[in-house]
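Below, each chain spelled out in residue letters.
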Amino acid sequence: MGKADHPSLAIGTDRQSNGNIAGAQPPIETDSIQITPPARVAAGLKSVLKATEVTLKEPGLVRGVAALARLNQFDGIDCPGCAWPDPDHERSLNEYCENGVKAIAEEATAKRCTPDFFRSWSVAELAAQSDYWLGHQGRLTAPMVLRESRDHYEPISWDDAFTMIAGELNSLSSPNQAIFYTSGRTSNEAAFLYQLFVRQFGTNNLPDCSNMCHESSGLALKEVIGVGKGTVKLEDFDLADTILIIGQNPGTNHPRMLATLQKAARRGAAIVAVNPLAEVGLTRFKHPKDVLGLFGAGTKIATHFVQVRLSGDLAFFQGLCKELLEEEARRPGEVIHHDFVQQKTTGFEEYRAALAGVSWDDIVEQSGIPREQIRQIAKVVMRSKNVIACWAMGLTQQRQAVATIQEIVNLALLGGHIGRPGNGVCPVRGHSNVQGDRTMGIWERMPGSFLDKLRDVFGFEPPRKHGWDVVDSIKAMHRGDAKIFFAMGGNFLSATPDTEFTAEALSRCELTVHVSTKLNRAHVISGRQALILPCLGRTDRDRQTSGGQFVSVENSMGVVHMSRGSLDPPSDQLLSEPAIVARLAVATLGDHARVQWMHLVEDYDRIRDLIAQIVPGCEDMNRRVRQRGGFYLPNAARDNDFKTRSGKAHFTVSVMEPIPLGPGQFLLTTLRTHDQYNTTIYGLDDRYRGVFHGRRVVLINPEDVREHGWKAGDRLDITSHFWNEGREELRTAERFVVVPYEIPRRCVATYFPEANVLVPIGSVALRSNTPTSKAVVVSFCLSNANDAAARVDESHVVG
Ligand code: SF4
C-alpha cells in the first residue's frame, strides 16, 4: 500500500523526513550501511577487543584501567549500565561485560564539551548532527543556558541558574504545571531528596523511565503476588531446572546474565528462549573471562527456542498452562502442585474453567507456535522441580503486557514455582537504579502510607492527587497544561514514543531543564528557555564539605549497595545530583523549606538516615549499606508470603485480544543494537545481527521480502497505523534499509530511537500506560530516495 492509498486522517504523512520540529529526529544516513550474516556466537575475543578499543579511545589507558579496576567491586563503582546483580559473596577482578566497559568509557571519557564548544555550534547546527555525534562531544563542564530567541547556549553561573528555575517554578499558577522526570541512573540519595523537594513544592508529577519499561511488570506482580518486583536471587539460578527467558535479549542488554545462564546450561538446566528473534546471545556464548574457551565453539545456551509472533506471548503461555491442566486431567495429582495451589492461591477453579474454553486453534494462530512445540515445552516445565521465568521489554511494551505477565505468574503458581529456592519470577531491569528510584518514592502515585510518613517526619502535607506518568506528561505539555519540564538525567526526547509529538510538547514549555553528563538530543529541542546542568557521574569522585561521599543503588534483585566514584571529575564546576536538588530546593522553597537541605548534602549519611525513617526495608541503612555487597530489601513473595488483600497469590483470567493486520500490514517492534544502551549510542554497528556502519534498517522475514518483491539493501518508507476514536492516524519514517532476517512472518524490527516516531502517543499497554513499542501496526512502500546502495554480503540469508 502506498501513502496515497491511505484514505483517512493523515498525521505526519505530509511531513518532511525529519518532521515538523527541526532536529527532533536524527538525520537520515543509510549510504554506508553494510549487511552481513548474523554472528554465531556472543562475546568471546571480539568482545575483549571491542572493550579494549573503546577504553583506549575514550578515557585512555590510565583513566580507563583505574575505573574498570573498581567496576562492580565491593567498595567500587556500580556499573551505570544495566541492573543485573553482582555476586553476593565472591567477585572476580573483572566483574563486568563489554557493554559495561562501553558505559564506563562513555562516562570516563577524556573529551570535554566546554562553553567554547557551544560558542562554535548553534542549536540548529547541533540538531542536524546524529545522536552518536552528539554523545561523543565529551563531558559537559559548565552550566549552560539557552535564552529566549537566542541560537546558542551560553554559560550561566549556578546561582543564576537556580534563581532562574526557582523564579519560573514560583510563578506557576499551580505546582502541577511542573513536571519532574527521573532516569534510572539517579542514585537513591538523589532520588529521595528529589521526590522530597517535588512533593514539598506541591506536586506528584514524578514520571520516570520505569513508566516506559517495567511499569507493566510492577503493576501485574503487585496485584497477584503482592510485590511489584522480581522474587529471585542470583543464587536461585544455580538451583533452577528450567529457566525461561522471555522477550529479552540478555546478550546485549544484560550481558553478564549470559555467564549465569552458561553455568546453568553446563549443569544441564533447560533454557527456553521465547522471543520473535533468534538472538545470538541466547544461542551460543563464549565467556570473555575464560581464556581457553575464547578459541572454542562456545557454550550452547538455549536448549529450546520458541519463535513466538510479536504480541503472541499471552497465547503461548495460555497454551503452556492449558497443556499442564490437560495433562493433570489425564494424570490427576501428578502435574499441578495441589498443596501450594490450595494453601497459597485463590481463583484456581475459575482459571481452570476459563482456560478450558480457550481454543487450541486460537492459541496456535495467535502465538505462531505449533501445538507440538507447546506440548514439548510444557513437558520440560512439568518435569522441572524448579523453574525461573525472566523477561524484559519484549513483554512489557505490548498492549496486553500486564495480562501476559500475569499469565506467566499463573504458570508459576500451577507448579508452585514461587516462594521457594530455585524458583520465581524475574523481570530484568534495564537501567542501573531504575528499581531503586521507585523504592525511594519516584512515582506519580506513591501509596498513602509513604506520603503519611513524609508528613509525619517532615511536617508538611504532601499532595495526594496522583501526578502524570510519562505519556500523560507529554500530553499535558502538548496541551499547554504543563509549562516547566525538569529532567534528572536521561534523554527524554529519544526515550519517549511519538518523537514529533513529544518534540512539539517540549517546545511548548516555558522552561526545559536537563541535569546531564553529556550532550544529547533532548538539549536541542527546548522550551522558550532551556538549561543544561552538568553533574557528576558514577565514576567521578564526589567530595562534599564533610569529605568523600558514596551513593547507593538497588539492583534488579532488590539488593541495595554502595557505589563510590574515584576519578577526577571532568571539571571543578560540576555538582552532584543531591547537591543540585538541595540548591534547587533552597532557591525555590526559601523560607518554606522544612528540610535543612544544605546540611543534608554536606554528608550523604544524613540523607540515608532520613531514608531509613521513611522507606520500608531501609532501616539502619547507613550500617547495612556498608556491609560487603549491601543488603536485600524485604520481599515477602520470595519468602512464600503473599501480601495481597486476600493474603494469597491470585490466578488471573485474561482474554486474548489479537491485533488485526490488514492487507500489506505488519507488526513492528523496536530494538537496541549491540552498540547502544537505552538512548546512548556507543557506535554504529550491531555486530550480533550483522549490521554495520549504520542504524536505519528494518529486519524482515526473507519470505515476506520475496513475496513483496523487495530485496536486501532496498530502502523502504514505514507508515504506522493507529485507530484513535474512530479515525486512523498515520505516521511515517523514511528510508529504512531492508535486512532479511530470521523473524516470524509479518513481524518486523527496527532500532529505536529512529523508529520512535512511528509509536503513537495514544498506543499504550492496557492499564500500565506503557508505550507499545513492541506492537506497532505498519505498512511499507519503496522509498523514492535514491541513496547509494547498501553493501550486502551475498552469503546473507536472503529469500
Ligand atoms: S551486565 Fe550490566 S551491570 Fe554488568 S557490567 Fe554489563 S552492563 Fe554493567
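Our structure's up above, just so we're on the same page.
1. Here we look at the sheet that holds strand S7 (residues 178-182)
1) Next: The strand order S6-S5-S18-S17-S16-S7 describes an open sheet built from 6 strands, whose pairing is mixed. Edge positions in the sheet fall to strand S6 (154-155) and S7, since each of these pairs with one other strand and no more.
2) Next: Where S7 and strand S16 (residues 484-488) come together, 5 bridges link them in parallel fashion. Looking across to S16, one finds that Ala178 is bridged to Ile484.
3) Next: Strand contacts of helix H24 (residues 577-589): S16, strand S17 (511-516) and strand S18 (529-534), with the helix running at about 150 degrees to S16, the strand carrying the most contacts.

2. What about empty space enclosed by the protein?
1) Next: All chains considered together, the criterion is met by 8 cavities of 30 Å³ or more.
2) Next: Roughly 220 Å³ of volume is contained in the second largest cavity.
3) Next: Looking at the lining of the second largest cavity residue by residue, the classes come out as 5 nonpolar, 6 polar and 6 charged.

3. Things to note about the packing of helix H20 (residues 448-458) against helix H26 (residues 604-614)
1) Next: For the pair H20 and H26, the least separation of the axes is 9 Å and the interaxial angle reads 125 degrees. It follows from the interaxial angle that H20 and H26 lie oblique. Residues Phe450, Lys453, Leu454, Val457 and Phe458 of H20 touch H26, and the partners they reach there are Leu610, Gln613 and Ile614.
2) Next: Residue composition of the contact of H20 with H26, by class: 6 nonpolar, 1 polar and 1 charged.

4. Observations regarding the packing of helix H8 (residues 188-201) against H20
1) Next: Two numbers describe how H8 lies on H20: the axes approach to 12 Å, and their chain directions differ by 80 degrees. In terms of axis orientation, H8 runs roughly perpendicular to H20. Along the contact surface, H8 presents Phe192, Gln195, Leu196 and Arg199, while H20 presents Phe450, Leu451, Leu454 and Phe458.
2) Next: Split by residue class, the contact of H8 with H20 holds 6 nonpolar, 1 polar and 1 charged.

5. Let's talk about the pairing of strand S15 (residues 424-427)
1) Next: Here S15 shows a buried face lined by Gly424 and Cys426 and a second buried face lined by Val425 and Pro427.
2) Next: Relative to S15, strand S14 (residues 387-391) runs parallel, the two being bridged by 4 bridges. By the bridge assignment, Cys390 is partnered in S15 with Cys426.

6. Side note on the environment of Gly436
1) Next: Looking at where Gly436 falls in the secondary structure, it is placed in helix H19 (residues 434-439).
2) Next: Between the alpha carbons of Gly436 and Ala83 there is a distance of 9.9 Å; along the sequence they are 353 residues apart.
3) Next: Ignoring any residue separated from it by four or fewer positions in sequence, one finds Gly436 in contact with Asn188 and Glu554.

7. Side note on the pattern of salt bridges
1) Next: Applying the stated criterion across every chain yields a total of 58 salt bridges.
2) Next: The salt bridge partner of Glu754 is Arg695, with a shortest N-O separation of 2.6 Å. Highlighted residues: Glu754 in the loop between strand S32 (747-751) and strand S33 (776-782) and Arg695 in the loop between strand S28 (691-692) and strand S29 (697-700), separated in sequence by 59 residues.
3) Next: Residue classification places Glu754 among the buried residues on the basis of a relative accessible area of 9%.
4) Next: The salt bridge partner of Arg731 is Glu729, with a shortest N-O separation of 2.8 Å.
5) Next: Members of the salt-bridge network, linked through shared partners, are Lys322, Glu323, Glu326, Glu327, Arg330, Arg331, Glu334, Arg371 and Arg375.

Conventions and cut-offs
- Residues numbered from 1 in each chain as written.
- Predicted model: local features only at pLDDT ≥ 70, side-chain atom pairs only at ≥ 80, totals over all residues.
- Heavy atoms only, no water.
- Pairing = 2+ DSSP bridges.
- Helix = DSSP H or I, 4+ residues; strand = E, 2+ residues; numbered from the N terminus.
- Contact = heavy atoms within 4.5 Å.
- Axes fitted to C-alpha atoms, helices over the stretch in contact; angles between N-to-C directions.
- 1 Å grid on protein atoms, 1.4 Å probe; cavity = no way out; pocket = protein on both sides within 12 Å on 5 of 7 lines; lining within 4 Å.
- Points joined across faces, edges and corners; volume = space filled by probe spheres on them.
- Nonpolar A, V, L, I, M, F, W, Y, C, P; charged D, E, K, R; others polar.
- Parallel < 35°, antiparallel > 145°, perpendicular 65-115°, else oblique.
- Buried < 20%, exposed > 50% of the residue type's maximum accessible area, 1.4 Å probe, protein only.
- Salt bridge = Lys/Arg side-chain N within 4 Å of Asp/Glu carboxyl O.

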